[in-house]
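The lines below spell out each chain.
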Amino acid sequence: MAVRTVERSSDTEPLLSFEEFHARLRAVGEERYHHQHPFHLLMHEGRLSRGQLQAWALNRYYYQSVIPIKDSIILSRGPDPAFRRAWRKRIVDHDGDSTSEGGIQRWLKLAEAAGLNAEQVHAGTGILPATRFAVNEYLNIVRSRSLLEAVASSLTELFSRDLISLRMEKLRQHYPWLSGGLDYFEARLTQAPEDAHFAVNYVYENAKTRAEQELAIQALRDKCDILWAQLDALYFAYVQPGWSPPGAFRMEGK
């Protein structure tokens, strides 16, 4: 489980202004967001094989599939109707409704474009144990920590739009056979900034002490670590040294 480390001195330090708080959050992203992970760098350089991209699409699906569960937990903890009305949009964005498909279904289309069987992806066949462990820890964070920290853990959305834009460009450039499966990313270009705007304002307005602000910043660090750990698992199993555990997805020829 990720460990929170907040300096005692924060109990007596003055509150950060919104600009200072936002800058601290952005600094976390610059240092720790997974846009700098070697697996993503290989992807953007066009150096991943089809099998490696399949492993990524499969394992990332598990993360996508628990996002509405995570948001349902946060929604259930929100005492304010206005908060719940704003937050439930996230669940519809991923689960869809009677009028539109959601992000989970769009990700399955990406997996199919990569050459995977959608039913097997949905069933979680071959997902890495480390992927499950990391993603389940995200659920632990939103269940066990304060509502403020749970909301703050979602603030990787502050950084995701730039990565999504770059990813779409590079996937189309280097892996044109994936182009028909990029609807998920198209939708997130507008959804993620909207969600981040609400969340960052909520966290700033509800962090009443410097210590609470520091807890929120730490929650964002921990979420970044969870995203990074998922890519660590992929890199170890499918790039270097290429040791995938028993029962995990096997690339063709491996």
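To keep things clear, this report deals only with the structure shown in the data block.

1. A few points about the packing of helix H7 (residues 129–144) against helix H11 (residues 210–238)
Axis separation between H7 and H11 bottoms out at 8 Å; the angle between their running directions is 170°. Overall, the two elements H7 and H11 adopt an arrangement that is roughly antiparallel. Every residue of H11 that contacts H7 at Ala 130, Ala 134, Val 135, Glu 137, Tyr 138 and Ile 141 is listed here: Asp 222, Lys 223, Ile 226, Ala 229, Gln 230 and Ala 233. Residue composition of the contact of H7 with H11, by class: 8 nonpolar, 1 polar and 3 charged.

2. Some words on empty space enclosed by the protein
A complete count under the given rule lists 2 cavities of 30 Å³ or more for this structure. Counted as a void, the largest cavity has a volume near 290 Å³. Lining the largest cavity are 24 residues, with Arg 60, Tyr 63, Glu 157, Tyr 184 and Arg 188 positioned closest to its centre. Among the elements of the structure, helix H3 (50–77), helix H4 (81–95), helix H9 (157–174), helix H10 (183–206) and H11 are those that each provide at least two residues to the lining of the largest cavity. The dominant element in the lining of the largest cavity, judged by the number of residues it contributes, is H3, at 6 residues. Here the residues of the lining of the largest cavity are counted per class, giving 9 nonpolar, 6 polar and 9 charged.

3. Notes on the packing of aromatic side chains
The final tally for this structure, using the stated rule, is 16 aromatic pairs. Between Trp 56 and Trp 107 the ring centres are 5.4 Å apart and the planes differ by 70°, which places this aromatic pair in the edge-to-face class. Placement of the pair is Trp 56 in helix H3 and Trp 107 in helix H5 (residues 103–113), with a sequence separation of 51 residues. Pair check on accessibility: Trp 56 and Trp 107 agree, each one buried. Taking 6.3 Å as the distance between ring centres and 25° as the angle between the ring planes, the aromatic pair formed by Phe 198 and Tyr 202 counts as stacked. Of the two residues, Phe 198 and Tyr 202 are both situated in helix H10; the distance of 4 residues between them amounts to about one turn of the helix. The partly exposed category is assigned to Phe 198, whose relative accessible area is 29%. What links up through ring pairs into an aromatic cluster is the set Trp 56, Trp 107, Tyr 184 and Phe 185. Positioned above the aromatic ring of Trp 177, the side-chain terminus of Arg 50 is 3.8 Å from the ring centre. It is Arg 90 that lies over the ring of Trp 87; its NZ or CZ is 3.7 Å from the centre.

Reading the values: rules and limits
Residues numbered from 1 in each chain as written. Predicted model: local features only at pLDDT ≥ 70, side-chain atom pairs only at ≥ 80, totals over all residues. Heavy atoms only, no water. Axes fitted to C-alpha atoms, helices over the stretch in contact; angles between N-to-C directions. Helix = DSSP H or I, 4+ residues; strand = E, 2+ residues; numbered from the N terminus. Parallel < 35°, antiparallel > 145°, perpendicular 65-115°, else oblique. Contact = heavy atoms within 4.5 Å. Nonpolar A, V, L, I, M, F, W, Y, C, P; charged D, E, K, R; others polar. 1 Å grid on protein atoms, 1.4 Å probe; cavity = no way out; pocket = protein on both sides within 12 Å on 5 of 7 lines; lining within 4 Å. Points joined across faces, edges and corners; volume = space filled by probe spheres on them. Phe/Tyr/Trp six-rings, centres within 6.5 Å; stacked < 30°, edge-to-face > 60°. Buried < 20%, exposed > 50% of the residue type's maximum accessible area, 1.4 Å probe, protein only. Lys NZ or Arg CZ within 6 Å of the ring centre and 35° of its normal.

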